[in-house]
Amino acid sequence: VVGMTPHQFILHTRLNRAAVRLRRTSESISAIAFAVGFGDLSTFNRRFQRIVGQSPSTYRARGGQ
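Computed from a predicted model, the values in this text were never measured in an experiment. (Residues numbered from 1 in each chain as written. Predicted model: local features only at pLDDT ≥ 70, side-chain atom pairs only at ≥ 80, totals over all residues. Heavy atoms only, no water.)

1. Things to note about the packing of aromatic side chains
Note the cut-off: Only the six-membered ring of Trp is used, alongside the rings of Phe and Tyr, when aromatic pairs are assigned; centres must lie within 6.5 Å, and planes under 30 degrees apart are stacked while those over 60 apart are edge-to-face, with the rest tilted. Residue exposure (1.4 Å probe, protein chains only): buried if accessible area is under 20% of the type maximum, exposed if over 50%, otherwise partly exposed.
As enumerated under the stated definition, the model contains 3 aromatic pairs in all. With a centroid separation of 5.3 Å and an interplanar angle of 65°, the aromatic rings of Phe-38 and Phe-44 are classed as edge-to-face. Each of the two residues, Phe-38 as well as Phe-44, counts as buried. Put simply, the rings of Phe-38, Phe-44, Phe-48 and Tyr-59 touch in pairs and so form one group of aromatic residues.

2. Remarks on the side chain of Gln-54
Under the convention used in this document: A run of H or I in DSSP becomes a helix once it reaches four residues, and a run of E becomes a strand once it reaches two; helices and strands are each numbered from the N terminus. Here a polar contact is recorded for every N or O atom pair within 3.5 Å, except that within protein the pair must consist of a potential hydrogen donor and a potential acceptor, and residues adjacent in sequence are included only if both atoms are side-chain atoms. When checking whether two residues touch, look at their non-hydrogen atoms; a contact exists if any pair is within 4.5 Å.
Residue placement: Gln-54 occurs in the loop between α3 (41-52) and α4 (56-61). Within the structure, Gln-54 has its side chain in polar contact with the side chain of Arg-62 (distance 3.3 Å). Not counting residues up to four positions away in its chain, the partners in contact with Gln-54 are Phe-48, Gln-49, Tyr-59, Arg-62 and Gln-65.

See below:
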């Protein structure tokens, strides 16, 4: 229905929630990563970079653009 596997859907949902928190809060990146369901910060950083196209810190610094 959504054009992706269940795993991809969950990953995109988690990353979307993380992106919102990066824009709207001053929480640490690691706290956000763990809060949205990642057990490892490096995995979160790699996946965020691959899907969003920039690192979480760059995304936050640019205001989510």
